[in-house]
Amino acid sequence: MPADVFFWPLPAGAPTDLAPPDVRPGLRRLVVALGFEGAAAGGAPWPLQLPLGAPGRPAPVPPAWAREVGATLAGTGAAALPPWIFATDSPSIATRGLDTAAGLRDVARAKGFGAAGAGGLAFTVGDDPDAQVDATPSAGARAGGPVPGASSVGILAGAGGLAVLSPLRPHPHLGVTASVAALGLDLSTREAKLDLHRGIRPQVDTPLCAGCGSCLDVCLYDAIVIRGGRATIDHRHCTGCGECMGVCFMAGIAPEAAVGVATFRDAVAGAAAGTAGLLGTGPGRPLLCLNFLVHLETHGAAGKARRRLPPAGIGILASRDPVAVDAAAFDLLAERLGGPVDQWSGYAQPPGLLLECAEAVGLGSRDYRLREV
């Protein structure tokens, strides 16, 4: 049976980046359409997983958008959200400034998260061994108080549900990421992310290497050196994060063997199924997946093959099924592009392969029914 995927298209003539669209009415409609209005009123924790984005750049999901989702989940029009509804993200293995809990908190504050009350949305770092989840529910709603050492497991302990807010993003090993990758990667501990990536060994295509040093600058692990005017990767230190692949001006860095990428896809799909399984199984589990096709940015790399103008914003998709909502997102993006999504992402990996893996482990179905709200 096809999974329901609800779609709120951006209004015709939607504003540009200079005057961003107000998508809050659409978010309310989508949460209500899935039957989640007031679902978080009981006092159990409801994390809103979202990516903060790189320091110094706008948040991919602005605080006002996330707060609208939280307010609809709470089912109230109160000025302040209840403390058990909070935004979360976990430290990155690839982006400087997001690779520690302290850095993540600083970036969250700079982007307008972390101010609970007075209309704000609290922010909690996942995978933070030095802190407790600052989202204590109402008395009696959850035994044991805050969850120490928040992680993909800890932050969902006793949770009433989970909302995953995912902008489509290019990814060197998956092509494009959305809800499935968020469940498998973004809700994992930093150590788990490292374990997932270690089987991928990037390799420099020497004739294409200009020796510019861009890859060296972004590597957090000192795994790259310039020798004889060419980059060399030391796989004893490389974690396989792929950040070097994203900045190579000549598109000259690729995985050493396809088997590493295939293993990585399988592992991400398995991790996503494990995370979703913490909320229960079946179509009734309290999992809300929102895919944002609003600000479809170009990839950060400067290679000619990747310098593609983004299509105009498309809209927002929502479903209880992460596989179905991703399949719909990739189909809408391909339709807008008039071709495969690698025209936008700059990476050759088809994102549908991750969905095949996710479907195979029982996370959801690629068969969907699109319903406009």
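Residues numbered from 1 in each chain as written. Predicted model: local features only at pLDDT ≥ 70, side-chain atom pairs only at ≥ 80, totals over all residues. Heavy atoms only, no water.

A. Region of the structure containing the packing of helix H1 (residues 24-33) against helix H2 (residues 63-74). Contact geometry of H1 with H2 gives a least axis separation of 9 Å together with a crossing angle of 35 degrees. Judged by the sense of rotation from one axis to the other, the crossing of H1 with H2 is right-handed. Every residue of H2 that contacts H1 at Arg24, Leu27, Arg28, Val31 and Val32 is listed here: Ala64, Trp65, Glu68, Val69, Thr72 and Leu73. The class makeup of the residues in the contact of H1 with H2 is 7 nonpolar, 1 polar and 3 charged. (Axes fitted to C-alpha atoms, helices over the stretch in contact; angles between N-to-C directions. Helix = DSSP H or I, 4+ residues; strand = E, 2+ residues; numbered from the N terminus. Left-handed = near helix turned anticlockwise from the far one by under 90°. Contact = heavy atoms within 4.5 Å. Nonpolar A, V, L, I, M, F, W, Y, C, P; charged D, E, K, R; others polar.)

B. The arrangement of unusual backbone geometry in detail. The backbone phi angle of Asp222 is positive, close to 55 degrees, even though this residue is not glycine. Along the chain, Asp222 turns up in the loop between helix H6 (214-218) and strand E11 (224-227).

C. Examining helix H4 (residues 179-186) more closely. Of all 8 residues in H4, 8 are buried, a share of seventy percent or more. Listed in full, the buried residues belonging to H4 are Ser179, Val180, Ala181, Ala182, Leu183, Gly184, Leu185 and Asp186. (Buried < 20%, exposed > 50% of the residue type's maximum accessible area, 1.4 Å probe, protein only.)

D. Structural view of the sheet that holds strand E2 (residues 46-49). Strand order in the open sheet formed by 8 strands is E4-E3-E2-E7-E14-E15-E1-E16, with mixed pairing between adjacent strands. Edge positions in the open sheet fall to strand E4 (123-125) and strand E16 (368-372), since each of these has one partner strand only. With direction set aside, neighbouring strand axes in the sheet form an average angle of 25 degrees. Both strand E1 (residues 3-9) and strand E15 (residues 315-319) contribute to a ladder of 4 bridges, which runs antiparallel. Bridge pairing in E15 places Phe6 opposite Ala318. Sheet strands touched by H2: E2, strand E3 (85-89), strand E7 (162-167) and strand E14 (287-293). Its angle to E2, the strand with the most contacts, is close to 155 degrees. Across the face of the sheet, helix H9 (residues 322-337) comes into contact with E1, E14, E15 and E16 while running at roughly 10 degrees to E14. (Pairing = 2+ DSSP bridges.)

E. Representation of the environment of Ser214. Note on placement: Ser214 falls in helix H6. Residue classification places Ser214 among the buried residues on the basis of a relative accessible area of 16%. Separated by 31 residues in the primary sequence, Ser214 and Met245 have C-alpha atoms spaced 10.0 Å apart. When residues no more than four places from it in sequence are discounted, the contact partners of Ser214 are Val247 and Phe249.

F. Main features of the nonpolar core. The biggest cluster of nonpolar side chains holds 50 residues, and the ones touching the most others in it are Leu162, Leu168, Val180, Leu287, Leu293 and Leu317. Elements supplying a minimum of two residues to this core: E1, E7, H4, helix H8 (258-277), E14, H9 and helix H11 (352-360). At 9 residues, the largest contribution of residues to this core is made by H9. Aside from chain neighbours lying at most four places away, what touches Leu287 is Phe36, Leu162, Val164, Leu183, Ala276, Leu279, Ser319, Arg320 and Pro322. (Core = buried A, V, L, I, M, F, W, Y, C linked by side-chain atoms within 4.5 Å.)

The quantities given are spatial measurements derived from coordinates; they are silent on function.
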